[in-house]
Amino acid sequence: MGLFSKEECFCCGKRVGALSRIKIKSGEFLCTDCQKNGHPFIHVAEMTKDEVEKLFSDMKESEAHFQDVQFQFRKTSRMTLGKEWTFYDNLQTGEFALETPETKAYPNHYVYQMRDVIPYGETDRFLASGTFQDNPEMSRRRYYDLIKVEERKGSDGKTDSWILRMPYDRPHMKIETKFPGSMEEKDVRLLQAAIQSVIGSYNTGINLTPTQFEEIKKAGKSLGNDAAVTNTSELIGSMLSSLKKK
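Residues numbered from 1 in each chain as written. Predicted model: local features only at pLDDT ≥ 70, side-chain atom pairs only at ≥ 80, totals over all residues. Heavy atoms only, no water.

Peer 1: Even after reading the chapter, I still don't get the packing of aromatic side chains, so can you show me in this structure?
Peer 2: The description of an aromatic ring pair rests on the distance of the ring centres and on the angle between the ring planes. Tallied over the full model, the rule gives nine aromatic pairs. Arranged with centres 4.9 Å apart and planes meeting at 15°, the rings of Phe96 and Tyr112 form a pair that is stacked. A residue pair is termed long-range when its members are at least 10 positions apart, and Phe96 in strand β7 (residues 95–99) and Tyr112 in strand β8 (residues 112–113) qualify at 16 residues. (Phe/Tyr/Trp six-rings, centres within 6.5 Å; stacked < 30°, edge-to-face > 60°. Helix = DSSP H or I, 4+ residues; strand = E, 2+ residues; numbered from the N terminus.)

Structure follows, in structure tokens:
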């Protein structure tokens, strides 16, 4: 079994070379075509054959659900950067979806649950460390620490890219999308703050109206580059703190 050998994909039976396959945890091989039956943020190389097959089944169900509910996602809360990155939600059901350059190569949409935007395996600790019932506003702000943006610089000291990361309570999942360094930092931060606030608001009982969300977007876009980095989440937090629990 070497670089030029061909191995059989356990899913479709096709024999493929090293550049067109991955080896999963239980030892079987999966071709890159069949890999797209999964999801780019779920790492199938870390999974067993049974887990991969379950994932593929889950993704088909998720796509069918997405097709049923996609028009129920609120257009007023949809955030889009360029033509490649979109975040949209349904605050009635606590669901959201992401479209990124990474997901567009995969045919099935993953419908995320807002309640699961916490580190995998840390649900009890995360909930216990907050005061969700006593102070929902303070608890909502905990989501500001979960959804992060990292700036990566090249050898010339200029921004090479922005990386947005979001934890999720599902094994082998790591939500991570890359923005080019040419993108305005304030735009990336506004998307980050919007995701933080919408998900945090739903999970802690403070909700956004469409009008309030539009006000947030307008105010965020008016901020300068530096101010957007530090104040966009604060801006949204101040507005949400005046709202009543749903």
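Peer 1: It is not clear to me how the sheet that holds strand β6 (residues 85–90) should be interpreted in this structure. Could you clarify?
Peer 2: Strand pairs in the sheet, formed through backbone hydrogen bonds, run parallel or antiparallel to each other. Strand order in the open sheet formed by four strands is β5-β6-β7-β8, and the pairing between neighbours is antiparallel. On the outer flanks of this sheet lie β5 (79–81) and β8, each paired with one strand and no other. The pairing of β6 with β7 spans five bridges and is antiparallel. Residue pairing in the sheet places Phe87 in a bridge with Leu98 of β7. Sheet contacts for helix α5 (residues 185–204): β5, β6 and β7; angle to β5, the most-contacted strand, approximately 160°. (Pairing = 2+ DSSP bridges. Contact = heavy atoms within 4.5 Å. Axes fitted to C-alpha atoms, helices over the stretch in contact; angles between N-to-C directions.)

Peer 1: Looking at this structure, how should I read the environment of Tyr120?
Peer 2: With respect to the element layout, Tyr120 can be found in the loop between β8 and α3 (123–129). Put simply, Tyr120 and His172 are 52 residues apart on the chain and 8.7 Å apart in space, counted from C-alpha to C-alpha. Those residues in contact with Tyr120 that sit more than four places away from it in its chain are Tyr168, Asp169, Arg170 and Pro171.

Peer 1: Explain helix α2 (residues 49–69) to me, please; I cannot follow it from the model alone.
Peer 2: Three- or four-residue spacings in an α-helix give side chains the same orientation, since the helix completes a turn every 3.6 residues. Taking 1.5 Å of rise per residue, 21 residues should cover 30 Å, and α2 covers 30 Å from first to last C-alpha, within 8% of that figure. Among the residues of α2, those classed as buried are Val52, Leu55, Phe56, Asp58, Met59, Ser62, Glu63, Phe66 and Val69. On the buried face of α2, the contacting elements are β4 (29–31), α1 (32–35), β6 and β7. (Expected span 1.5 Å × (residues − 1). Buried < 20%, exposed > 50% of the residue type's maximum accessible area, 1.4 Å probe, protein only.)

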